[in-house]
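# Topology and contacts: notes
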Amino acid sequence: MERRTHRLTSERLVGRPLRIEPGKAEVELVTTEEMAVDEYGLVHGGFTFGLADYAAMLAVNEPTVVLGKAEVRFLKPVKVGEKLIARAEVIGESGGDVGDGTFSRRKKIVRADVFKGEEKVFEGIFHCYVLEKHVLEE
């Protein structure tokens, strides 16, 4: 399936799409030295979160999708040089107007988990919104 959103995302910093299908996505990220926060090689959690968020966006795969909120848990540390795989799936959907009805949006609830091999290192529920126009469009 064609990638319809987040087309300029850095594969080096956020991940490389492995699979995109309706309501699902899988993205891979190999962690690097520039992601480390200390001499032990601990990777900043923002990179793990970014990978999961990117997978969630690709599971929705609409050009105007944005993240509204996320409920996440970091389960295990990640080190430099480790390969992570994020798997995301749309698990719920609703529709309606936002606030004063200026623009409509559809809400998609996406579950995204990140694995290091078979070990889950991160899990989250992402509340994604598909807007009528790009969030930065006037």
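Here is a short report on the structure shown in this document.

Parameters and conventions
- Residues numbered from 1 in each chain as written.
- Predicted model: local features only at pLDDT ≥ 70, side-chain atom pairs only at ≥ 80, totals over all residues.
- Heavy atoms only, no water.
- Helix = DSSP H or I, 4+ residues; strand = E, 2+ residues; numbered from the N terminus.
- Rg over C-alpha atoms; globule rule 2.2 N^0.38 Å.
- Buried < 20%, exposed > 50% of the residue type's maximum accessible area, 1.4 Å probe, protein only.
- Contact = heavy atoms within 4.5 Å.
- Areas by Shrake-Rupley, 256 points an atom, 1.4 Å probe, with all protein chains shown as cover.
- Lys, Arg positive; Asp, Glu negative; His and termini not counted.
- Charge placed at Lys NZ, Arg CZ, Asp CG, Glu CD.
- Pairing = 2+ DSSP bridges.

This part is about the overall build of the protein chain. Counting its regular elements, the protein chain contains one helix and six strands. When its helices and strands are written in sequence order, the protein chain yields β-β-α-β-β-β-β. Relative to a compact globule of 138 residues, whose C-alpha radius of gyration would be 14 Å, the protein chain shows 15 Å and is just as compact. Dimensions along the principal axes, computed over C-alpha positions, put the protein chain at roughly 50 × 30 × 30 Å. In the protein chain, which comprises 138 residues, the proportion classed as buried is 41%. Sequence separation of at least 24 residues holds for 64% of the intrachain contacts in the protein chain that already meet a minimum separation of 6. Of the roughly 7700 Å² of accessible surface on the protein chain, a fraction of 50% belongs to carbon and sulfur atoms. In the protein chain, the 21 positive side-chain charges and the 24 negative ones have mean positions that sit 3 Å from each other.

A separate point is the pairing of strand E2 (residues 24-30). With five of seven residues buried, E2 is to be regarded as a mostly interior element. As judged from the five bridges shared by strand E1 (residues 16-21) and E2, these two strands associate in the antiparallel manner. Each residue of the ladder has a partner; that of Pro17, found in E2, is Val27. Between the end of E1 and the start of E2, which pair antiparallel, lie two residues, with Gly23 showing a positive phi angle near 75 degrees.

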